[in-house]
Every structure is written in structure tokens, then in C-alpha cells.
Amino acid sequence: MQKTIEKENYLKTLYKLEEKSQLATVTSLANHFKVSKSTVSNMIKKLMLMKLVDSGPYKPILLTKSGKKTAIKVITKHRLIELYLYEKMQFELDEVHEIAEEIEHIKNIKFFKRMQKILGHKNIDPHGTIIPRCEF
């Protein structure tokens, strides 16, 4: 089963909830993504088959080690892009998120390694959030 943008967005959201020490449930994800609970349940089943999340009836949805690694990769890409857009391309702070949402799904690792180098391996994005360290 191939990882899609939608799956990466679920993993990223689960990671951000864990960062805030919030439990992810089908209901909370349905509200976040503005979709039905059955849509979320179907995605969680796919992510479980891929061994990216773990859950059960009436239990929170948790990232597995592999799921967390994938989520960190996407979040690192996103925050690097925001920093690059802000510092190097002089985009306004309120413009960088939307652009980063599109670019973060690029698979070419050389692109992000070069971006890290250009940015001097900084670890804080322009919003003041930590950029996780990850091996692309």
C-alpha cells in the first residue's frame, strides 16, 4: 500500500496531537479534517495495515515507531520549507504554511538535505516551533 498525501497528513496530525499530549480519537480526527467518522475509521484501518498506527475499539489512535518516523519526516520537511520561504524568499509569516503544505510531500531527499545546508541546519521554524532532527 503506497503512502499518499492524505496518509501523510493523518500521520502529521497524530504527531502534533502527541506533541501536545492530546489523545487522538476517530471523533477528534473527524472534526479536525472535517470528514465523517467512517472516513477516518477507513483511513485508520489502512494505516494499521501499514503498521503506522495502533488502535482498537474505544482506544486512542497512536503512532507506531514506523509511523512516528514517517510523521517526523513530513513535519521536518514542512518546517524547513516554512523557514526557507520566510528567510530566503522573504515570504510573509502568514503565507508560508499554505505553500509548505504543498511542497512537504516531495520525495526527493537531496532537495531537503540541500535546504537544511542552506539554512545552516537551524532547528527552529519561523513560528518558533522546533524542527525535529531526522535522517532523510
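Use the structure listed above.
This is a predicted model, so every value here is computed, not measured.

Caption draft 1: View of the environment of Tyr 86. Mapping Tyr 86 onto the fold places it in helix H4 (residues 65–87). A residue is classified by how much of its surface remains accessible, and Tyr 86, at 37% relative accessible area, is partly exposed. Tyr 86 sits 41 residues away from His 127 along the chain, and the two C-alpha atoms are 10.0 Å apart.

Caption draft 2: Quick look at the pattern of salt bridges. All told, the structure shown has 5 salt bridges when counted by the stated rule. Its salt-bridge partner being Glu 19, residue Arg 79 comes within 3.4 Å of it at the nearest N-O pair. Linking Arg 79 in helix H4 with Glu 19 in helix H1 (residues 5–19), this pair joins segments that are 60 residues apart in sequence. Glu 87 is the partner of Lys 122 in a salt bridge, and the nearest nitrogen-oxygen pair spans 2.9 Å. In this pair, Lys 122 sits in the segment after helix H6 (109–118) while Glu 87 sits in helix H4, placing the two residues 35 residues apart along the sequence. Overall, the relative accessible area of 37% leaves Lys 122 in the partly exposed class. Salt bridges here are not isolated pairs; linked through shared partners, they connect Lys 12, Glu 101 and Glu 104.

Caption draft 3: Focus on the nonpolar core. Grouped together as the largest cluster of nonpolar side chains are 32 residues, with contacts concentrated most on Leu 29, Ile 44, Leu 47 and Val 53. Those elements that provide at least two residues to this core are H1, helix H2 (26–33), helix H3 (37–49), H4, helix H5 (93–103) and H6. Element by element, the count of residues in this core is highest for H4, at 7 residues. In contact with Val 53, not counting residues within four places along its chain, are Leu 11, Leu 14, Ile 44, Leu 47, Met 48, Ile 61, Leu 62, Leu 63 and Thr 64.

The rules behind the values
- Residues numbered from 1 in each chain as written.
- Predicted model: local features only at pLDDT ≥ 70, side-chain atom pairs only at ≥ 80, totals over all residues.
- Heavy atoms only, no water.
- Helix = DSSP H or I, 4+ residues; strand = E, 2+ residues; numbered from the N terminus.
- Buried < 20%, exposed > 50% of the residue type's maximum accessible area, 1.4 Å probe, protein only.
- Salt bridge = Lys/Arg side-chain N within 4 Å of Asp/Glu carboxyl O.
- Core = buried A, V, L, I, M, F, W, Y, C linked by side-chain atoms within 4.5 Å.
- Contact = heavy atoms within 4.5 Å.

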